[in-house]
Amino acid sequence: MNQTQVYIKRGGVLLRPDPQDSREIEGILNPATAGDYLLYRAVGQGNYSRLMAAKLATATAKENQTIITHKLNKVIMEPETAYELTKKGHGGIEDPRVTELPNGSFVMFYTGYGRDVDFKKQTPVVAVATSNDSLTWQRQGRITFAKYQNHNHVIDFNLTPNKDTVLFPEKINGRYALLYRPMFTRKQAATYGVPWRGIWYAEADTLTGPWENNTLILKPMHEWENGGVGAGVPPIHLKEIWIHIYHGFTRGRVGHRRYSAGVFITPHNKPRHVIYRSDCAILEPLLTEEQSGAVPHVVFPTAVWQTDMVRSTLAIFWGAADTRIMWGMLHLPSEVLATSADAHHT
């Protein structure tokens, strides 16, 4: 596959924070899509995050098709549970990823940033919620994992901070399947013989788990992702393959890392086997809007939206510098364009 055929053509800034709205005064970022709605992370004072909603639509501007949004001024989810809140009232619901299932319902995996009983301090964990209408969500709880045997060590993912979880839009061999990113300490990674930040695969019979058959499928390989990798957009199904848009970042402290995006592909019937991976980033923080903000030099793709604008492309949304939301169109290699009409909404 020719890498130059895989790229994201920027469309511009989609949403900016309202400086008069205290609920998003510190930024809006890292959205999900559910039907024709954009569910975005709104950050208030003290890094307190909730989910809010906007309506997506297409429009024509100067003979070019574009995407527009209308904020609904509606809070979708507010931190409430122990895994979303601390005793002092801090916390957050962060970075949702939404997948539409074949029956038309929606599943959201998100990061709860609270103080759950398993941890002594504020820690990111993954939880799941479901919806039948895109805007009303029912919490199903924090997800659990089966213990994982790695050489002479047993890894308990339930005691490991976790982020960046995306669900496949259909079952694999009769079971739910997802990708996630456990956050090991440097010491744990060295002891277990696993990457500090990598993308893992797991399966379960229910959405809350226990998630098992845990398998590391992607670890940092290239210079632009030498700090770590994580799942980005929910898997995109194109007939015989899954397309995965993921993020990678360079080494360094938070605020000094550079976040970019790449693509990898797995077979439809063997989603744990990577058959293609981009050598270079397909999206980098090149614009001022992506270089300046709460966390500079960040592009962080989290959502996809299929429109009727161009049948061979999909709209991708990303957080830019942890401050605003941008969008672009994903252009695919010619050998997979013929199957794009069969893509599932995710």
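In case you missed it, the structure is sitting above this.
Residues numbered from 1 in each chain as written. Predicted model: local features only at pLDDT ≥ 70, side-chain atom pairs only at ≥ 80, totals over all residues. Heavy atoms only, no water.

Undergrad: Summarise the pattern of salt bridges; cite the residues concerned and give the values.
TA: Per the stated rule, a full pass over the model turns up 15 salt bridges. Glu 24 serves as the salt-bridge partner of Lys 71, at 2.5 Å between the closest nitrogen and oxygen. Of this pair, Lys 71 sits in strand S5 (residues 64-77) while Glu 24 is found in the loop between strand S1 (7-15) and strand S2 (27-34), placing the two residues 47 residues apart along the sequence. On the basis of relative accessible area, Glu 24 is assigned to the buried category, the value being 1%. A salt bridge links Arg 181 to Asp 164, with the nearest nitrogen and oxygen atoms 3.3 Å apart. Of this pair, Arg 181 sits in strand S13 (residues 176-182) while Asp 164 sits in strand S12 (residues 162-167), and the two are 17 residues apart along the sequence. (Salt bridge = Lys/Arg side-chain N within 4 Å of Asp/Glu carboxyl O. Helix = DSSP H or I, 4+ residues; strand = E, 2+ residues; numbered from the N terminus. Buried < 20%, exposed > 50% of the residue type's maximum accessible area, 1.4 Å probe, protein only.)

Undergrad: Help me get a handle on the sheet that holds strand S6 (residues 93-100), residues and values and all.
TA: Judged by pairing direction, the sheet is antiparallel, and its four strands sit side by side in the order S6-S7-S8-S9 without closing on themselves. In this open sheet, the two strands that pair with only one neighbour each are S6 and strand S9 (138-142). Neighbour-to-neighbour, the strand axes of this sheet turn through a mean angle of 25°, independent of strand direction. Both S6 and strand S7 (residues 106-114) contribute to a ladder of six bridges, which runs antiparallel. Across the sheet, Glu 100 pairs through a bridge with Phe 106, a residue of S7. (Pairing = 2+ DSSP bridges. Axes fitted to C-alpha atoms, helices over the stretch in contact; angles between N-to-C directions.)

Undergrad: Describe unusual backbone geometry, with residues and values.
TA: Along the chain, Gly 209 connects to Pro 210 via a cis peptide bond; the corresponding omega equals 15°. One non-glycine residue with positive phi stands out, namely Asn 30, at about 40°. Positionally, Asn 30 belongs in strand S2.

Undergrad: Mind laying out the side chain of Thr 266, listing which residues take part and the relevant values?
TA: Counting through the fold element by element, Thr 266 comes out in strand S19 (residues 259-267). Judged by relative accessible area, which is 0%, Thr 266 ranks as buried. Among the polar contacts made by the side chain of Thr 266, one reaches the side chain of His 244 at a distance of 2.9 Å. With residues near it in sequence (within four places) discarded, Thr 266 still touches Ile 241, Trp 242, His 244, Pro 271, His 273, Val 274 and Ile 275. (Polar contact = N/O pair within 3.5 Å; in protein donor to acceptor, adjacent residues only side chain to side chain. Contact = heavy atoms within 4.5 Å.)

Undergrad: Could you give an account of the pairing of S2, with specific residues and numbers?
TA: Summarising burial for S2: eight of the eight residues are buried, a large majority. Alignment of S2 against strand S3 (residues 37-44), held across six bridges, turns out to be antiparallel. Its bridge partner being in S3, Leu 29 is matched across the sheet by Arg 41. The antiparallel pairing of S2 with S3 creates a hairpin that spans two residues between the two strands, and Gly 35 there sits at a positive phi of about 65°.

Undergrad: Hey, could you go over the sheet that holds strand S15 (residues 212-218) for me, with residue numbers and the actual values?
TA: A sheet is described by the order of its strands in space; here four strands give the open sequence S12-S13-S14-S15, paired in antiparallel fashion. The strands lining the two open edges of the sheet, one partner per strand, are S12 and S15. Sheet twist, expressed as the mean angle between neighbouring strand axes with direction ignored, is 25°. Pairing of S12 with S13 involves four bridges; the strand directions are antiparallel. Paired with Val 166 across the bridge in S13 is Leu 179.

Undergrad: Hey, could you go over the pairing of strand S14 (residues 199-204) for me, with residue numbers and the actual values?
TA: Counting buried positions along S14 yields six of six residues, so the element is predominantly enclosed. Covered by surrounding structure in S14 are Ile 199, Tyr 201 and Glu 203 together with Trp 200, Ala 202 and Ala 204, the residues of both alternating faces. Strand direction decides the pairing type here: S14 and S15, joined by four bridges, are antiparallel. Looking at S15, one finds that Tyr 201 is bridged to Thr 215.

Undergrad: Can you break down the environment of Gly 209 residue by residue, with the values?
TA: You can see Gly 209 is positioned in the loop between S14 and S15. You can call Gly 209 buried: its relative accessible area is 17%. Through-space distance from the C-alpha of Gly 209 to that of Tyr 246 is 23 Å; in sequence the pair is 37 residues apart. Those residues in contact with Gly 209, other than ones at most four positions away along the chain, are Thr 144 and Ala 204.

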